[in-house]
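Single-letter residue listing:
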Amino acid sequence: MPAPGSGFDDAHGVLHPGEHARLASLDRRAPGAAAAPFVEWYWHVRWRLPGTETYDTQVLTHPTLHLVFEEPEPLVYGVQRDLFVRRLAGAGQVLGVRFRPGGFRALAPGPVVELADRRVPAAELFGPGVAEVGRAVLAAADAAEMCARAEEFLRPLLPAAPEPAAEEAAAAVARIAAEPGLLRVDQVAAQAGMSVRRLQRLFAEYVGASPKWVLRRARLQEAAARADAGAALDLAALAADLGYADQAHLTRDFTATVGAPPSRYAGGTAG
């Protein structure tokens, strides 16, 4: 049986999603049975901007790692704990492999927290042959063929099943996303049946970010999604729903990460 996914809603995370959808298309596809215990999905983004126009895609990323086939070379992205920004210009495309929490550990030389906030040339982990794979993926006729070529590369590198500890980590991440009432690390540890210290070690080894960060990121993604929904924001009610002591704490947290308070973000556009 595949390990639990992240549980994080893939619709959450991209800031100003309506504006982003005007400029770029997103196609998401499920992995095959052999890769499914490790890979959550494949994602394909294609964009075309007129003339010299540029657009900064901004993402509150999920607690997942990605292998991305892009120009000029494939990269491995660890968990990006700050706001992720990528500038789009001209026309282009990328294919990404989003791994399940814990799923990339089978391919990493050490704890995946060592990859946090890094974009590492895939050749450093998979050898120089991954460059040729990347060219073949990007030259494929369509997204389905791109995913098939990426999975053909990954399949022989993956073990038969994830480690039990990786599945524990994935279950804890999914629980954080599914249960808004989980507000503290000790609550997550208690539900997982382990000490806080063991939970922290588990997340460093398999997830790539701390339990506290994962809790905080889930709340900020929900706040951004509600701001993007278009309805007037009741910050006091939103803060209460997300477990903040008051709206001032929510505003401070949101502003520090996104760069604008929720009320101004809701009325603005991306860069």
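Residues numbered from 1 in each chain as written. Predicted model: local features only at pLDDT ≥ 70, side-chain atom pairs only at ≥ 80, totals over all residues. Heavy atoms only, no water.

A.B. asks: What am I meant to see in the overall build of the chain here?
C.D. replies: Looking only at helices and strands, the chain features 11 helices and eight strands. Computed over the C-alpha atoms, the radius of gyration of the chain is 19 Å, within 12% of the 18 Å expected from 2.2 N^0.38 for a compact globule of 271 residues. Each of the three principal axes of the chain carries a C-alpha extent, and together these read 55 × 50 × 25 Å. Of the roughly 12,300 Å² of accessible surface on the chain, 53% is carried by carbon and sulfur atoms. (Helix = DSSP H or I, 4+ residues; strand = E, 2+ residues; numbered from the N terminus. Rg over C-alpha atoms; globule rule 2.2 N^0.38 Å. Areas by Shrake-Rupley, 256 points an atom, 1.4 Å probe, with all protein chains shown as cover.)

A.B. asks: What exactly am I supposed to notice about the environment of A174 here?
C.D. replies: For A174, the location among the structural elements is in helix α5 (residues 164–178). For the pair A174 and P101, spaced 73 residues apart in sequence, the C-alpha separation works out to 8.8 Å.

A.B. asks: In this structure, what is going on with the pattern of salt bridges? I would like to understand it.
C.D. replies: Oppositely charged side chains may form a pair once their charged atoms are brought near each other. Counted according to the given criterion, the structure contains 12 salt bridges. Note that R86 and E70 form a salt bridge whose closest N and O atoms lie 2.6 Å from each other. Here R86, found in strand β6 (residues 84–89), pairs with E70, found in the loop between β4 (66–69) and β5 (75–77); they are 16 residues apart in sequence, far enough to count as distant. A salt bridge links R226 to E222; its shortest N-O distance comes to 2.9 Å. (Salt bridge = Lys/Arg side-chain N within 4 Å of Asp/Glu carboxyl O.)

A.B. asks: Would you take a moment to explain helix α10 (residues 247–258) for this structure?
C.D. replies: One full turn of an α-helix is made of 3.6 residues, so residues set three or four places apart face in the same direction. Under the 1.5 Å per step criterion, the end-to-end length of α10 is 16 Å for 12 residues, consistent within 8% with the ideal 16 Å. Residues L250, D253, F254, T257 and V258 constitute the buried set of α10. For α10, the buried positions fall inside an angular range of 105 degrees around the axis, keeping them on one side. Counted as exposed and oriented over 90 degrees from the buried face of α10: R252 and A256. Close packing links the buried residues of α10 with α8 (211–228), α9 (235–241) and α11 (262–267). A distance of 3.1 Å separates the backbone nitrogen of A248 from a side-chain oxygen at the start of α10, and that oxygen is part of D246. Count one or two residues on from α10 and you reach G259, which has phi positive near 100 degrees. (Expected span 1.5 Å × (residues − 1). Buried < 20%, exposed > 50% of the residue type's maximum accessible area, 1.4 Å probe, protein only. Arc of directions from axis to C-beta. Contact = heavy atoms within 4.5 Å. Polar contact = N/O pair within 3.5 Å; in protein donor to acceptor, adjacent residues only side chain to side chain.)

A.B. asks: Explanation requested: the environment of A36 in the structure shown.
C.D. replies: Within the fold, A36 resides in the loop between β1 (24–29) and β2 (39–48). When the C-alpha positions of A36 and F99 are compared, they lie 9.1 Å apart, and in sequence the two are 63 residues distant.

A.B. asks: Where do I start with the environment of A236 in this structure?
C.D. replies: Looking at the element boundaries, A236 is found in helix α9. Look at A236 and you get partly exposed, because its relative accessible area is 42%. Spatially, the C-alpha atoms of A236 and W47 are 38 Å apart, while their sequence positions differ by 189 residues.

A.B. asks: Help me understand the sheet that holds strand β7 (residues 91–99), please; the structure alone is not making it clear to me.
C.D. replies: Think of a sheet as strands paired side by side through backbone hydrogen bonds, with each pair either parallel or antiparallel. Here we have six strands laid out as an open sheet, ordered β1-β2-β7-β4-β5-β8, and antiparallel in their pairing. Single-partner strands in this sheet number two, and they are β1 and β8 (119–121). Across the sheet, the mean angle from the axis of one strand to that of its neighbour is 25 degrees, orientation sign disregarded. (Pairing = 2+ DSSP bridges. Axes fitted to C-alpha atoms, helices over the stretch in contact; angles between N-to-C directions.)

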